[in-house]
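Overview (structure and organization)
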Amino acid sequence: MAYPEDRQDPETPATPANSDSTFQSQVQRLHRLTVYSRWLVVGLLWANVGSLSLWTLRSEIALWQSHFTWVAVRYSLAYNPLPALGLSICIGMTLSVLVWQSRNILLGMPHNEQKHLEDRVLHIRRQGSTHPLWKWICCR
């Protein structure tokens with residue numbers, strides 16, 4: 001399935017800097033760094049917000065283990081709104097990263113995201129070693 005953004009714009013030809021293998025490997029490194037950073041955020045969310053939310057719901061979870069019903073889950077979450085919000089944020093972020101990464105794997109990266117990564121790599125190259133991502137992207 002092709003995205004409408006995947007069509008090559010005839011007014012913007014590929015520049016030689018965008019077509020070399022070094023540039024493409026740097027774009028791939030930036031994409032890989034983006035994937036790792038998104039999963040790091042999800043992991044930190046679960047480690048902090050998720051664990052705190054689950055700890056707050058520990059008595060309700062004990063009740064669920066002895067007499068599980070969906071009504072018990074609903075009322076536990078309804079009467080504990082902050083832990084419910086924390087778990088919702090953790091689950092939402094996890095699902096959004098899963099869907100984003102699955103889309104990129106199964107359908108390929110959309111043209112606008114690929115262009116954004118290429119623009120960021122060009123910006124990192126222009127700024128040089130003063131950019132915080134320089135050694136992660138360009139010095140390998």
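Up top is the structure.
Structural notes, computed from the coordinates. (Residues numbered from 1 in each chain as written. Predicted model: local features only at pLDDT ≥ 70, side-chain atom pairs only at ≥ 80, totals over all residues. Heavy atoms only, no water.)

The next thing to look at is the packing of aromatic side chains. As enumerated under the stated definition, the model contains two aromatic pairs in all. For the pair Phe 68 and Trp 70, a centre-to-centre distance of 5.1 Å together with 75° between the ring planes defines the contact as edge-to-face. By relative accessible area, which is 46% here, Phe 68 ends up partly exposed. Where Tyr 75 meets Tyr 79, the ring centres are 6.0 Å apart and the plane angle is 15°; that geometry is what we call stacked. We classify Tyr 79 as exposed; its relative accessible area is 64%. (Phe/Tyr/Trp six-rings, centres within 6.5 Å; stacked < 30°, edge-to-face > 60°. Buried < 20%, exposed > 50% of the residue type's maximum accessible area, 1.4 Å probe, protein only.)

For the rest of this paragraph, the subject is the environment of Asn 104. Among the secondary structure elements, Asn 104 is positioned in helix H5 (residues 81-107). With near-sequence residues (within four places) excluded, Asn 104 lies in contact with His 31, Met 109, Pro 110 and Glu 113. (Helix = DSSP H or I, 4+ residues; strand = E, 2+ residues; numbered from the N terminus. Contact = heavy atoms within 4.5 Å.)

This brings us to the side chain of Gln 114. As for its position among the elements, Gln 114 is in helix H6 (residues 111-127). Note on Gln 114: relative accessible area 18%, which makes it buried.

This brings us to the environment of Leu 82. With respect to the helices and strands, the residue Leu 82 is situated in helix H5. For Leu 82, a relative accessible area of 67% gives the class exposed. For the pair Leu 82 and Ser 53, spaced 29 residues apart in the sequence, the C-alpha separation amounts to 7.5 Å.

Now for the pattern of salt bridges. For the structure shown, the criterion picks out two salt bridges. Between Arg 103 and Glu 113 there is a salt bridge, and its shortest N-O distance comes to 2.5 Å. Residue Arg 103 is found in helix H5, and its partner Glu 113 is found in helix H6; the two are separated by 10 residues along the sequence. For Glu 113, a relative accessible area of 23% gives the class partly exposed. A salt bridge links Lys 115 to Asp 119, with the nearest nitrogen and oxygen atoms 3.3 Å apart. Residue Lys 115 and its partner Asp 119 are both found in helix H6; the two are separated by four residues, about one turn of the helix. (Salt bridge = Lys/Arg side-chain N within 4 Å of Asp/Glu carboxyl O.)

With that out of the way, let us pick up the nonpolar core. If you look at the biggest cluster of nonpolar residues, it comprises nine residues: Phe 23, Val 27, Leu 30, Leu 117, Val 121, Ile 124, Leu 133, Ile 137 and Cys 138. Sorting the residues of this core by element identifies helix H2 (21-56) and H6 as the ones contributing at least two each. Excluding residues that lie within four positions of it along the chain, Leu 133 makes contacts with Leu 30, Leu 33, Arg 120 and Ile 124. (Core = buried A, V, L, I, M, F, W, Y, C linked by side-chain atoms within 4.5 Å.)

In this section: the environment of Gly 50. Along the chain, the position of Gly 50 falls in helix H2. Judged by relative accessible area, Gly 50 falls into the buried class, the value being 0%. For Gly 50 and Ser 88, which are 38 residues apart along the polypeptide, the C-alpha to C-alpha distance reads 9.0 Å. With residues up to four places along the chain from it excluded, the contact list for Gly 50 reads Leu 45, Leu 87 and Cys 90.

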